[in-house]
Amino acid sequence: MKLKVYADRMSQPSRAVIIFCKVNVIDYEEIKVLISKGQHLTSEFAEINPMKRLPAIVDGRFKLFESHAILIYLACAFPGVADHWYPADVAKRSRIHSVLDWHHSNLRRGADTYVSNATIAPVVGRPLNPQAAAEAETLLSSSLSKLESFWLKDAGRFLLGGNQPSIADLSLVCEIMELEVLDEKDRARFLGPHKKVQRWIENTRSATNPHFDEVHEVCRH
Amino acid sequence: MKLKVYADRMSQPSRAVIIFCKVNGIDYEEIKVLISKGQHLTSEFAEINPMKRLPAIVDGGFKLFESHAILIYLACVFPGVADHWYPADVAKRSRIHSVLDWHHSNLRRGADTYVSNATIAHVAGRPLTPQAAAETETLLLSSLSKLESFWLKDDGCFLLGGNQPSIADLSLVCEIMELEVLDEKDRARLLGPHKKVLQWIESTRNATNPHFDEVHQVLMKVKERLQYQRLKAAKSEGGSDMKKPLLSRM
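Residues numbered from 1 in each chain as written. Chains lettered and ligands numbered in written order. Predicted model: local features only at pLDDT ≥ 70, side-chain atom pairs only at ≥ 80, totals over all residues. Heavy atoms only, no water.

### Thoughts on the UniProt feature "domain: GST N-terminal" (unreviewed entry) in chain B
The sites that UniProt annotates as "domain: GST N-terminal" (unreviewed entry) are residues 1-82 of chain B. Helix makes up 35% of residues 1-82 of chain B and strand 22%. Its end C-alpha atoms lie 23 Å apart. (UniProt positions renumbered as here; feature names shortened; annotations may be inferred. Helix = DSSP H or I, 4+ residues; strand = E, 2+ residues; numbered from the N terminus.)

### Quick word on the domain arrangement of chain B
Residue and element names in this part refer to chain B. Splitting chain B by domain gives domain 1 (3-81) and domain 2 (86-229). Taking the mean C-alpha position of each, domain 1 and domain 2 sit 20 Å from one another. Residue-level contacts link 18 residues of domain 1 with 23 residues of domain 2. In total, domain 1 and domain 2 occlude about 1900 Å² of area from one another, counting both sides; carbon and sulfur atoms represent 70% of this. Remark: the boundary between domain 1 and domain 2 carries 3 salt bridges. Residue Lys-22 is joined to Glu-214 by a salt bridge in which the shortest nitrogen-to-oxygen separation is 3.2 Å. Mapped by element, the contributors of at least two residues to the side of domain 1 that touches domain 2 are helix H1 (12-23) and helix H3 (67-77). No other element matches the 9 residues that H1 contributes to the side of domain 1 that touches domain 2. Looking at side-chain class alone, the side of domain 1 that touches domain 2 contains 11 nonpolar, 2 polar and 5 charged residues. (Domains from an automatic or database assignment. Contact = heavy atoms within 4.5 Å. Buried area = accessible area lost by both parts, 1.4 Å probe. Salt bridge = Lys/Arg side-chain N within 4 Å of Asp/Glu carboxyl O. Nonpolar A, V, L, I, M, F, W, Y, C, P; charged D, E, K, R; others polar.)

Okay, here's the thing in structure tokens:
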């Protein structure tokens with residue numbers, strides 16, 4: 001039975017999982033669950049993931065959600081996935097866990113909240129929650145700074161000094177790609193100062209193309 | 001060279017790592033870094049963890065931070081750590097990753113924010129405004145409900161139907177213990193409806209005692225002090241001159 005991946009390509013973590021599958025030639029079926037149409041809130045989808053979040057996978061009878069857990073599972077369970085995605089070496093692997101954990105409360109929270117507020121606000125004619133928007137901006141800025149000064153400080157094209165991408169690169173870059181929906185000046189303001197971050201986004205994109213661009217098409221509309 | 005664990009026992013993730021080391025007989029040195037005294041903000045500690053957060057470990061030349069990453073590292077690297085803490089089986093292990101990931105944005109965020117808000121209100125000598133209370137309460141309550149109805153739905157004393165604790169049980173229970181510093185009625189209101197959650201806290205405590213209780217002593221002392229202050233404030237009128245407790249930013 002083929003692996004099923006429940007995803008919405010507008011969701012950053014969904015994109016990371018889809019790109020990973022394509023790059024590693026994992027045989028899977030993508031089942032689109034559109035958040036904008038509330039399809040993640042149906043009782044049908046709750047059978048797959050009671051948390052009603054995306055992405056989620058079903059492998060045989062095994063169900064799993066949370067994109068980092070899924071990426072690790074796929075890296076371990078499918079043969080032919082190169083070691084650099086999720087190294088067997090405990091120290092290297094631990095550093096990947098560390099940046100993936102840091103991501104939740106930093107880049108993910110900052111970017112997601114900022115973009116939500118920035119895109120919803122014009123629709124309703126005012127900032128949804130000015131305080132939350134200001135806090136999100138601070139968090140996003142500081143997260144990008146930490147990427148520039150710490151996670152990308154070592155020689156190497158990827159996070160933690162790697163010369164090949166890991167699941168952490170894929171997860172975090174897909175998050176940053178969400179900033180594509182922002183106004184051009186806004187996006188330049190955030191990313192402009194961070195040269196290493198920009199190069200790293202390009203490196204991750206190059207390493208995973210044409211799949212990266214294909215999966216990100218939805219962001220460009 | 002002995003493992004060094006930089007921790008503040010007022011920090012929930014620090015407690016999880018310390019208890020894990022003690023239960024598993026891991027030889028380590030605990031280096032106290034007190035958040036309430038700003039010791040996590042020194043340039044000295046920034047050498048250990050540039051993110052200035054706790055806990056952090058140094059194992060020989062290897063530095064690591066983020067408690068989940070640390071717990072996984074310790075489970076893999078130190079011999080004699082029983083399989084149930086972080087199973088070799090890929091499916092079991094993945095479910096543990098899943099709940100640990102869920103924890104970040106749900107229980108951790110809900111509990112941490114709720115307790116911070118409640119203690120700030122206490123220090124300021126006034127109750128939480130209804131709006132502030134509602135906002136911070138929603139995530140905490142929904143997280144506790146999800147624990148009750150999903151993560152603890154299977155047979156077994158522990159998360160995901162386990163009969164023995166994993167690193168996920170330790171991490172999440174240490175988080176819930178933070179609710180001990182709340183007003184008794186508040187805590188009962190939040191936790192009371194969740195019988196499985198209450199049982200699970202006890203199961204985890206029993207499985208890791210006496211270390212669990214010993215590591216939580218600092219927290220329990222803060223709890224006592226706050227209870228005393230609440231009592232004093234309730235007896236006197238206004239209570240505006242009560243001494244501010246020494247509370248860390250957890």
